[in-house]
Every structure is written in C-alpha cells, then in structure tokens.
Amino acid sequence: MEQPTPERIKEIFDPFYKADINVWAEFSKCVHPRTFEKNEIIKDYHKTEKYINIVISGSVAHFVLADEKDTCINLYYEKQFFSDYLSFLTQSPTVIKTQALENSVIWSISHTDLNELYARSKTGLVIGKAISDAMFIRKQFEQINLLTLSPTDRYLKLIKERPEVFQRTSLKIICSYLGITAESLSRIRKKIS
C-alpha cells in the first residue's frame, strides 16, 4: 500500500495550493492510509464523519437514502478529496453514506489532527482552506450541472470529462448520479449513437 509522502501529497495539492515541500512534510505526518474492499461502507448513514480523505486508488461514492433506495450524489476517483463535509465540520451525524465502489486506498486526516495542524501554524489553515476550496468548487460545478443541463447534456459532459466513470462504475450508480432512470439512459444512448 502506498504510504503518504510529502512529494506525493504536494503533487495532489499543487492544482489547488502550491507550497514548498517542507509544508507537505509536516502535513504528511498527519495523513494515514486506510484500505476498503469493494462495497465496504466507509461512513454509514446517521454516523459522524471523522476524516477528510484523498482517493489514492479505487473509487468512492456518497449516497443518500431516497424512497428507501440509495441515491448517488457524488463519485470520487484518484486524486480527489472527499468527506461528508457537513458532518465533518459540525461533528454531527448526517444522512450521507460513503461507500467504496472498488477496492480502494485512501489517505485520511482526522478531524482532531487537522484542527491541531490549524492551531500550530498559518500554513495549516491555508492547507485546510485548500481542501475546503477543492471540495466546494467540485460540488458547486456538480450542482450547477444538475440544475442547468438536460439529462443528455449531463451524460455527454460526464463522458467527455470523466470517461473512467463508465469503465469503472455500474450503470445503476451512474444513472442515480445523473438523476435519471436506466430507461432514460438507454434512450439517451440510442439517440446519440
């Protein structure tokens, strides 16, 4: 299993916050690898999120329970940050479940360790801001797409921007994530092919 190193963490963070390798050396001491089997629950419904995570290998999804079935609200792949951030910030349970979609390795920093990092230095605060910015930007784009694009356009955008989703994620979960039924996806695929 790949261990967190300052160099690897810097590579993951560089698109959001460029910093000297010494910053990442300190941060990497707080990051711990965790492994999950395919379909293993990382954080269950009505539980409290204890970590902010980075997908190193594999894939992860967030679900909410709607009409007694799992509805996918987020998909995460390599080098992406994820957390039930509302739960993480408030340290309260939420209605979000996090589940590994493939055998996955994630690097995690606990709520306690992150707050200690914040208290130790301004750099810790900047790292926390970079994490929250990355998660906010991604979520905002997803919400805008869901509200402004047609199902066909959402599907085409997903194919263009994240083709790995279709090779690594079940169609049932993709449909849920796109907010469409399997029948609608079938019609969309026929129409564009």
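Throughout this description, residue numbers start from 1 for each chain and increase along the sequence as written. pLDDT decides what is reported in this predicted model: residues at 70 or higher carry local features, side-chain atom pairs at 80 or more are listed and counted, and totals for whole chains, interfaces and linings draw on all residues regardless. Hydrogens and water are ignored here; the side-chain numbers use all heavy atoms of the structure.

Asks: Any details on the sheet that holds strand β6 (residues 81–82)? Residues and values, ideally.
Replies: Strand pairing follows a simple DSSP-based rule, namely that at least 2 bridges must link the two strands. Each helix corresponds to a stretch of at least 4 residues labelled H or I by DSSP, and each strand to a stretch of at least 2 residues labelled E; elements are numbered beginning at the N terminus. With respect to topology, four strands assemble into an open sheet ordered β1-β8-β3-β6, the strand pairing being antiparallel. In this open sheet, the two edge strands, each paired with only one partner strand, are β1 (32–36) and β6. Of the pairings in the sheet, the one linking strand β3 (residues 51–57) to β6 comprises two bridges and is antiparallel in character. Across the sheet, N53 pairs through a bridge with F82, a residue of β6. It only takes one pair of heavy atoms within 4.5 Å for two residues to be counted as in contact. Axes, fitted as lines to C-alpha atoms, cover a helix only where it is in contact. Angles between the N-to-C directions of the axes lie from 0 to 180 degrees. Packed onto the sheet, helix α4 (residues 111–120) meets β1, β3 and β8 (104–110) and runs at close to 50 degrees relative to β8.

Asks: Quick one: what's the story with the nonpolar core, residue by residue and with numbers?
Replies: Think of a nonpolar core as a cluster: buried Ala, Val, Leu, Ile, Met, Phe, Trp, Tyr and Cys residues, connected wherever their side-chain atoms sit within 4.5 Å. Burial status follows relative accessibility: with a 1.4 Å probe on protein chains alone, a residue under 20% of its type maximum counts as buried, one over 50% as exposed, and anything between as partly exposed. Counting 24 residues, the largest nonpolar core has F13, W24, F27, F81 and I131 as the members making the most contacts within it. Every element with two or more residues in this core is listed here: α1 (6–13), α2 (21–28), β3, β8, α4 and α5 (122–148). Per-element tally for this core: the top contributor is α5, with five residues. Not counting chain neighbours up to four residues away, the residues in contact with I131 comprise F13, F27, I52 and F81. A61, Y77, Y177 and L178 belong to the second-largest nonpolar core, a separate cluster that totals 18 residues.

Asks: A description of the side chain of S184 should follow, citing residues and the corresponding values.
Replies: Summarising the element assignment, S184 is placed in helix α9 (residues 182–192). In this structure S184 comes out as buried when scored by relative accessible area, which is 18%.

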